[in-house]
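Architecture and fold: a report
Chain residues, written in single-letter form:
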Amino acid sequence: MTKSNERKLTIARAMAEAVQQEMQVDPSVFVMGEDIGALGGVYGNTRGLLEEFGPERIRDTPISETAFIGAAVGAAQDGMRPVAELMFVDFFGVCFDAIYNLMAKNTYFSGGNVKVPMVLMTSTGGGYSDGGQHSQCLYGTFAHLPGMKVVCPSNAYDAKGLMTAAMRDDSPVVYMYHKSLQGMGWLATEPGATVHVPEESYTLEIGKAKVARQGEDVTIVSLGLGVHNAIKAAEQLEGQGVSAEVIDLVSLVPLDRDTIRASVAKTGRLIVVDEDYMSYGVSGEIIASVTEHDISVLKAAPKRVAYPDVPIPFARVMEQFCLPNVDKIVTAFDSMKAA
Amino acid sequence: MAPTRDEQHWMYRNMVTSRKFEETIASIYFEGKTPVFSMADGPIPGEMHLSDGQEPVAVGVCAHLNADDIVTATHRPHHQAIAKGVDLDKMAAEIFGKATGLSGGRGGHMHLFDADVNFACSGIIAQGMGPAVGAALSRKMQNKPGVAVAFLGEGAVNQGAWHEAMNLAATWNLPFVCIIEDNDWGISVSKEDSTAIANNADRAAAYGIPGKRVADNDPYAIYEAAGEAIARARAGEGPSLIEIETYRLAGHFMGDAEGYRPEGEKDALFAKDPIPKMRGKMIADGVATEAELDAIEAESAARVKAAIKFARESADPAPEDALTAVFA
């Protein structure tokens, strides 16, 4: 292994590198969004691209999500491969028609004759007291509505491969990246997200989950930042003689139910960790995917560690009280044992 | 700029085809839906928005377009689709929800897509704007010819999507033309109850682009205004806004009792029906003979009849095909 092949990147750098490499080989790729040019993106994932590709292909937009995400749909249908950034996923409310009625449905409405090969990248998550309009995850909201693939990396290696795969996909892909994994100086970052990233271009299969940690006694399923909490919880549980397996979903749509079911069939126990709201969301979907398939594999009732059904509070103590964390995961396992 | 003889024949043919198509749809629509109106029943299920009276807008604009140019249409799309060259058989079959339809029955009459002629619709007011502006951006970035035209009703101009997209098109100087079909009614609410501005073309000033209002549903004036705007767009001189005074001879949707219309309005509108008017003008101008226009009408009627026959006789989609074509 050469020295350069050992380098580690943040997710932000990995995303930017994927876009850079794809733009070098595919002239139909361009980036559009708010502050993605000279600023390099509020979360750093377009940093350096303006210098290499110029303002025509690294296109700052006015604050007009409805128009530029709608425009990305039109450009995608006309042969381009736009990457559009919705700065905070919370902003979806001002532009959702362009997302779920146009981007997600035009392929279906055309009977497959029209392709919408675009990437909608958007930041998720809180934990830094940004209040209830800038801290949500909304994974379930996007995954619930058909016609868009939805991915969420937990580390830089996956981030690069997923971004390249998303840009090459002929269907729209919603690329949700967690702010606390980006590696931005002004945001506390989970160190585990900054990992070795190969310099060459590569893809990760969309729709394939990963076993992030092998185990025998309980399966902890999560995505994004939650994967890191799950791994830390698994390490704590190991101290108690419990062997926990951690599944990183990586993709929400398509959802790799087989990998989840195989793990739970092995461990017999299931905990889902989700920073999105508890009800009607990813946690319920994962549990249903297991129980409706074969409830007999379960040795205990499944548990959810998710955000309670309240808007995200501002005060640090209140927000931290609501967020999933390592202790809550360990407690969930303890209550499962006790039951 | 006036339409040539051939262009006038083309315009008349497409107006008549659209009208005959709508008349046929209207004659079939209530089959199975009465005596108690049930929207789901009959050979044409769902809502139906007819465009009778608005044909001059579609032909006056589309006379300047070819298959490579892009059109995004409204929830009232049939006249626009026909003028843009959407396959009439497949379009009819789509409206009937048949396997042979444009999307195999997945879209329906408000969601017609024909990739062969770059035609798309949205059933959501003003939401064709973003995709049209994006297609115009795509052409500019790829240095490929073509303009994008978004058709909208006057009610759409009060939507945020419209303003955002106009701003984007103007800021980026895109080959884009916005056509407002002002039929005076947003379902049952009049234009004057919806906006304080009488002439939506004046809104162009807010975006630093040319705006023009065309009066009286006149296909010749529409042709001229659209021709200038489209030529401007093709020349790289940026977007334009045109508002066209037109008339909706039918209700908002089939089954609409139109109780909101002032007394006598409909009679006055029918008296201004643009199709007989154009017919009279073409003959008076010596552009066509009675016999030629009769022949065009007969050919259009036959064309529509064949399309409706194709639609009626086509098979329903396999129900399980509903589960396909979600992704590319």
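Right above here is the structure, for reference.
The present account deals with the structure reproduced in this document.

Criteria and thresholds
Residues numbered from 1 in each chain as written. Chains lettered and ligands numbered in written order. Predicted model: local features only at pLDDT ≥ 70, side-chain atom pairs only at ≥ 80, totals over all residues. Heavy atoms only, no water. Helix = DSSP H or I, 4+ residues; strand = E, 2+ residues; numbered from the N terminus. Buried < 20%, exposed > 50% of the residue type's maximum accessible area, 1.4 Å probe, protein only. Lys, Arg positive; Asp, Glu negative; His and termini not counted. Salt bridge = Lys/Arg side-chain N within 4 Å of Asp/Glu carboxyl O. Contact = heavy atoms within 4.5 Å. Phe/Tyr/Trp six-rings, centres within 6.5 Å; stacked < 30°, edge-to-face > 60°. Lys NZ or Arg CZ within 6 Å of the ring centre and 35° of its normal. Buried area = accessible area lost by both parts, 1.4 Å probe. Polar contact = N/O pair within 3.5 Å; in protein donor to acceptor, adjacent residues only side chain to side chain. Nonpolar A, V, L, I, M, F, W, Y, C, P; charged D, E, K, R; others polar. Axes fitted to C-alpha atoms, helices over the stretch in contact; angles between N-to-C directions. Parallel < 35°, antiparallel > 145°, perpendicular 65-115°, else oblique. Left-handed = near helix turned anticlockwise from the far one by under 90°.

1. Observations concerning the side chain of B:Asp52
Residues and elements named next belong to chain B. Take Asp52: it is sitting in the loop between helix H1 (5-29) and helix H2 (55-62). Buried Asp52, no salt bridge; nearest opposite-charge side chain is Arg19, N-O distance 4.1 Å. When near neighbours in sequence (up to four residues on either side) are disregarded, Asp52 contacts Arg19, Glu22, Tyr247, Arg248, Leu249 and Ala250.

2. Here's the deal with the packing of aromatic side chains
Two aromatic rings, taken as a pair, are described by how far apart their centres are and by the angle between their planes. Here the structure, examined in full by the defined rule, presents 16 aromatic pairs over all chains. Look at A:Phe88 and A:Phe91: their rings are 5.0 Å apart centre to centre, the planes differ by 40°, and that puts the pair in the tilted class. There is no split in this pair, since A:Phe88 and A:Phe91 are both buried. Counting every residue linked through ring pairs, the aromatic cluster contains A:Tyr43, A:Phe88, A:Phe91, A:Tyr177 and A:Trp186. In this arrangement the basic side chain of A:Arg59 is found over the ring face of B:Trp172, its NZ or CZ atom lying 4.5 Å from the centre. The lysine or arginine in question, A:Lys328, covers the ring of A:Phe321, its NZ or CZ lying 6.0 Å from the ring centre.

3. Re the interface of chain B and chain A
When the parts come together, some accessible area is lost, and that loss is often what is quoted as the size of the interface. Taken residue by residue, the interface counts 34 residues in chain B and 41 residues in chain A. When the two sides are added together, the surface that chain B and chain A hide from each other amounts to roughly 3100 Å², 68% of it contributed by carbon and sulfur. Linking chain B with chain A are 1 salt bridge, by the criterion used here. For the salt bridge of B:Arg139 with A:Asp78, the shortest nitrogen-to-oxygen distance reads 2.7 Å. Linking chain B with chain A are 10 residue pairs in polar contact (both at pLDDT 80 or more), by the criterion used here. Contributing elements (two or more residues each) for the side of chain B that touches chain A: helix H5 (129-142) and helix H6 (160-171) of chain B. By residue number, the principal contributor to the side of chain B that touches chain A is H5(B), which donates 10 residues. For the side of chain B that touches chain A, the residue count by class is 19 nonpolar, 12 polar and 3 charged.

4. A look at the packing of H2(B) against helix H7 (residues 219-234) of chain B
Residues and elements named next belong to chain B. With their axes 8 Å apart at the nearest point, H2 and H7 run at an angle of 40° to one another. Classified by the angle their axes make, H2 and H7 are oblique. In this structure, H2 meets H7 at a crossing whose hand is right-handed. Contacts from Pro56, Val57, Gly60 and Val61 of H2 reach H7 at Pro219, Ile222, Tyr223, Ala226 and Ile230. Class assignment for the residues of the contact of H2 with H7 results in 8 nonpolar, 1 polar and no charged.

Everything listed is a geometric property; what it means functionally is a separate question.
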